[in-house]
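# Results of the structural survey
Listed below are the residues making up each chain.
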Amino acid sequence: MRLHFTAEQEAFRAEVRAWMARHVPKEPLITLECQWGFQQHVAWEKTLASGNWGMVTWPKTYGGRALDLIQWLIFEEEYFAAGGPNRANQNGIFLLGPTIMEFGSDEQKARFLPPMAAGEVIWAQAWSEPGAGSDMAAIRSTAIRDGDHYVINGQKTWSSRAAFADWGFGIFRTDPDSSRHKGLSFVLFDLNTPGITRRPIRQLHGETGFAELFFDDVRVPVENCLAGEGQGWNVAMATAGFERGLMLRSPGRFQATAKRLVDLYRQHQDAASPAAREAVVSAWMRAQAYCYNTYMVAAKIMAGGKIGAEASLNKIFWSELDRDMHRTAMQLLGAYAELKKFDDGSVNQWLEGYIFAHSGPIYAGSNEVQRNITAERLLGLPRVGAG
Amino acid sequence: MDFHFSEDSLLLASSVRDYLTDTHGVEVLRRLDADGAQDDAIWQGLVDMGLTALLIPEADGGLGRSLPEAALIAVECGRACVAEPLVDVAFVSVPYLLAKGDGASLGAYATGAVRAPLAHRINPYAIGTSGIAMQSVDPLRTLHAPTADTSDDPHLLNLGALMAGAQLVGVAEAMLHQAVEYAKVRQQFGQPIGAFQAIKHQLANCAVAIEFARPVLWRAASALADGLASAPVHVSHAKLAAGDAAILTAETAHQVHGAMGYTYEVDLHFWMKRAWAVQGYWGSRAFHYNRVEYAILGGSHPIGADASFA
């Protein structure tokens, strides 16, 4: 156990810090959940790619820097400390990219990874369906083989980034007679393929970041299937593992929020309750605990270990921390909390953040499901009722 | 940066765990409860394992282990609800004397001849056998009003609070395990109660609290071992996280045990009472909270995404 950075790691930190200081936009970008904000964020992805900071953990062959996990954490710390924008390319970097690297053919890697790394193709995810939310094995959308194509029919929903993205990925039932986890396949598709209708869903904040997708005899070449027909569930579980595990939410994001919360407290301390003060201090402690835990998981993975159901503990912890921090900020802001913009014209980022924080305990597997996974797989309590 | 214990450290901890599982089971706790908590044979067993000399340098005949490793073993002492004052003697008093360069008295600690830990003013009652005996809710704690000099050295306090936190994590893990085992076998409405989500989710909350207390403890142990100026903040953070996890788990485990948890018959009560006793030992929740608050809101401790290991 050695809890300080090497000279080499500190030098890398300085390099990231210097680049971010020069390139992170001075004014916060507008939300990526609207057309113009999305374009701003895609432009930022291209800026990142120009400095080769887009996909830092990826192998160099695919446009990455082959950073180890500690370097990745340092990168993220400096990214969030510099106020770096949210990543339009999140789905590609952390979900689909690693999945293609693990399960894709050489042709698929060559075809999909470089444009993803360059920020040229932005990916949307298409998991949930109206009848398959937390219970993803209830998927009904079909992809039926017809010669060298699949013909996709059905509906996906809560498809994040889908209102504006270029391509999508999801699981579909390739064996119409199958049920539950069997007979599913992982398919990639161009969102502009004839037969796909996107219907943006207006979200809680009024903008349209995610969308419903309707598939009406959509023809997708069979070479867009990942890891072979019928492997969809396994691939999706691996993807969800990347997501819930280490990389969906790096600690820097929450440490940065906790710091901003301390600053906000200082501005409002005369009107703050003791409970709000303790919530601010607790925010720092929890963000730090999440950071230490992440470094421990990183060390475990670097020593050849894997993350399994512990990922559920992580997801519960950060999503509820995020909501609690933003709630505390709203309480500190008092009558100002409801304002979308303050007197000086600046956007009320706490309000936007509070609204967004409501999605954390729900997406990527609701926290109720995560608590079931924790109880059943980590603690060994009996499963009942689940198929 | 390498945030994990070596195989060797984990092996050491698991050998202590195995030893305590074999020799310090609940039947021993019941015997100590009936006959008096001090037991020379148990103490000698811990001495024979080398645990009293764990932190003493190899050159001086000790095992030369580190403070984080001692914390790992303190967790095991909490898990086994050890009654002997091993943690306060070997993992608090000994490293304090080592840091002070007080070599003369260390020999008696290493051999297990001294069984009374150093007293600190933050604890109105100390673990030990001299002075006026006080009765703790924890039947296995021998508590006395101190007669000897009490220290007010913050380093002793930080060591004590760190190791109290480590024991609380072990206590919490033991209670969670007992609650899970009970929920698997207790049947109601035709199924084990552990199949109900209302039970699962409460126990999952305990697992989350423990999971995120543990790394804070290692961070604090490491900061104290490295002599960082920020170590007191990390120690207080660790004591708070461990104490909160232990109290949450005690209350939850009790609820899961239903009426059985309210009896003296069920094992759980030994650990619950240890949690109640240790949560306010080596500094109350308010004391440690205030130390963190002062550093964070007062601005003396660097915070933010680029200050992870400040």
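Residues numbered from 1 in each chain as written. Chains lettered and ligands numbered in written order. Predicted model: local features only at pLDDT ≥ 70, side-chain atom pairs only at ≥ 80, totals over all residues. Heavy atoms only, no water.

What follows concerns empty space enclosed by the protein. On inspection of all chains with the given rule, the structure shows 5 cavities of 30 Å³ or more. Estimates place the volume of the largest cavity at around 150 Å³. Lining the largest cavity are 15 residues, with V82, E84, I127, R141 and Q167 of chain B sitting closest to its centre. Breaking the lining of the largest cavity down by element, the ones donating at least two residues are helix 5 (86–100) and helix 10 (268–279) of chain B. At 3 residues, helix 5 of chain B tops the list of elements feeding residues into the lining of the largest cavity. A class-by-class count of the residues in the lining of the largest cavity yields 9 nonpolar, 2 polar and 4 charged. Each pocket or cavity is described by its volume, and for the second largest cavity that value is around 120 Å³. Contributing elements (two or more residues each) for the lining of the second largest cavity: helix 3 (69–81) and helix 4 (90–103) of chain A. The dominant element in the lining of the second largest cavity, judged by the number of residues it contributes, is helix 3 of chain A, at 4 residues. Tallied by class, residues from the lining of the second largest cavity come to 7 nonpolar, 3 polar and 4 charged. (1 Å grid on protein atoms, 1.4 Å probe; cavity = no way out; pocket = protein on both sides within 12 Å on 5 of 7 lines; lining within 4 Å. Points joined across faces, edges and corners; volume = space filled by probe spheres on them. Helix = DSSP H or I, 4+ residues; strand = E, 2+ residues; numbered from the N terminus. Nonpolar A, V, L, I, M, F, W, Y, C, P; charged D, E, K, R; others polar.)

The next point concerns the sheet that holds strand 1 (residues 126–127) of chain B. Residue and element names in this part refer to chain B. Spatial ordering of the open sheet is given by 1-3-2, a layout of 3 strands whose pairing is antiparallel. Both outer strands of the open sheet, strand 1 and strand 2 (132–134), are each paired with one neighbouring strand and no more. Of the pairings in the sheet, the one linking strand 2 to strand 3 (residues 143–145) comprises 3 bridges and is antiparallel in character. When the sheet's bridge partners are listed, A133 is paired in strand 3 with H144. (Pairing = 2+ DSSP bridges.)

Residue and element names in this part refer to chain A. For helix 4, spanning 14 residues, the distance from its first C-alpha to its last is 19 Å, which sits close to the expected 20 Å at 1.5 Å a residue. Along helix 4, the sharpest change in direction is near 40° and occurs at L96; proline P98 comes one to four residues later. With 11 of 14 residues buried, helix 4 lies mostly within the body of the structure. By the burial criterion, the buried members of helix 4 are Q90, N91, G92, I93, F94, L95, L96, G97, P98, T99 and I100. (Expected span 1.5 Å × (residues − 1). Bend = angle between axes of the 7 residues up to and from the residue. Buried < 20%, exposed > 50% of the residue type's maximum accessible area, 1.4 Å probe, protein only.)

Here the focus is the interface of chain B and chain A. In this assembly, 50 residues from chain B lie in contact with 52 residues from chain A. For the pair chain B and chain A, the summed buried surface comes to about 4,700 Å²; carbon and sulfur atoms form 69% of the total. Of all residues in chain B, M1, F212 and L297 of chain B bury the most surface against chain A, accounting for 17% of the area lost on that side. Across the pair K200 of chain B and E376 of chain A runs a salt bridge whose closest N-O atoms are separated by 2.6 Å. There are 18 residue pairs in polar contact (both at pLDDT 80 or more) connecting chain B and chain A. Going through the elements one at a time, helix 7 (154–185), strand 5 (191–192), helix 8 (197–225), helix 9 (231–256) and helix 11 (285–297) of chain B are the ones with two or more residues in the side of chain B that touches chain A. In terms of residue count, helix 8 of chain B provides more of the side of chain B that touches chain A than any other element does, 15 residues in total. Looking at the side of chain B that touches chain A, its residues break down into 27 nonpolar, 14 polar and 9 charged. (Contact = heavy atoms within 4.5 Å. Buried area = accessible area lost by both parts, 1.4 Å probe. Salt bridge = Lys/Arg side-chain N within 4 Å of Asp/Glu carboxyl O. Polar contact = N/O pair within 3.5 Å; in protein donor to acceptor, adjacent residues only side chain to side chain.)

Moving on, we get to the pairing of strand 1 (residues 123–126) of chain A. Residue and element names in this part refer to chain A. Of the two faces of strand 1, the one holding W123 and Q125 and the one holding A124 and A126 are both buried throughout. Direction of pairing for strand 1 relative to strand 4 (residues 167–173): parallel, over a ladder of 4 bridges. Paired with Q125 across the two strands is F169, which belongs to strand 4.

A cluster of nonpolar side chains, contributed by Y125, I132 and M134 of chain B, occupies part of the molecular surface with about 290 Å² of accessible area. When you line up the elements, M134 of chain B lands in strand 2. (Patch = residues over 30% accessible without salt bridge, like charges linked within 9 Å, V, L, I, M, F, W, Y side chains within 5 Å. Areas by Shrake-Rupley, 256 points an atom, 1.4 Å probe, with all protein chains shown as cover.)

Attention now moves to the nonpolar core. One broad rule of soluble globular proteins: the nonpolar side chains tend to lie buried together. Counting residues in each nonpolar core, the largest one holds 193 residues, and the members touching the most others are Y295 of chain A together with F91, M163 and L203 of chain B. No other element matches the 18 residues that helix 7 of chain B contributes to this core. Other than its neighbours up to four places away in sequence, Y295 of chain A contacts F5, I70, L73, I74 and E77 of chain A together with M1, F3 and F309 of chain B. Counting 26 residues, the second largest nonpolar core, distinct from the first, contains F164, L191, L213 and C225 of chain A. (Core = buried A, V, L, I, M, F, W, Y, C linked by side-chain atoms within 4.5 Å.)

Turning our attention to helix 1 (residues 7–23) of chain A. All names here are of chain A. For helix 1, built from 17 residues, the straight-helix expectation of 24 Å at 1.5 Å per residue is met to within 8% by its first-to-last C-alpha distance of 24 Å. Those residues of helix 1 that fall on the buried side of the exposure criterion are Q9, F12, R13, V16, W19 and M20. Looking straight down helix 1, one finds that the buried residues subtend no more than 135° of arc, so they occupy a single side. Of the exposed residues in helix 1, the ones pointing more than 90 degrees away from its buried face are A7, A21 and R22. Summarising the contacts, the buried residues of helix 1 are in contact with helix 2 (35–50) and helix 3. (Arc of directions from axis to C-beta.)

Right, let's get into the packing of aromatic side chains. All names here are of chain A. Enumeration according to the criterion identifies 35 aromatic pairs over all chains in this entry. Aromatic side chains F172 and F215 sit 5.4 Å apart centroid to centroid with 80° between the ring planes, which places their arrangement in the edge-to-face category. A residue pair is termed long-range when its members are at least 10 positions apart, and F172 in strand 4 and F215 in strand 7 (residues 210–221) qualify at 43 residues. Each of the two residues, F172 as well as F215, counts as buried. In textbook terms, an aromatic cluster arises when at least three aromatic residues are bridged by ring pairs, as seen for F12, W19, W44, W53, F75, Y79 and F80. Between the NZ or CZ atom of K156 and the centre of the ring of F172, over which it lies, the distance is 4.8 Å. (Phe/Tyr/Trp six-rings, centres within 6.5 Å; stacked < 30°, edge-to-face > 60°. Lys NZ or Arg CZ within 6 Å of the ring centre and 35° of its normal.)

This part is about the environment of V384 of chain A. Looking at the secondary structure, you find V384 of chain A in the segment after helix 11 (367–378). When sequence neighbours within four positions are dropped, the list of residues in contact with V384 of chain A reads Q191, A195 and K200 of chain B.

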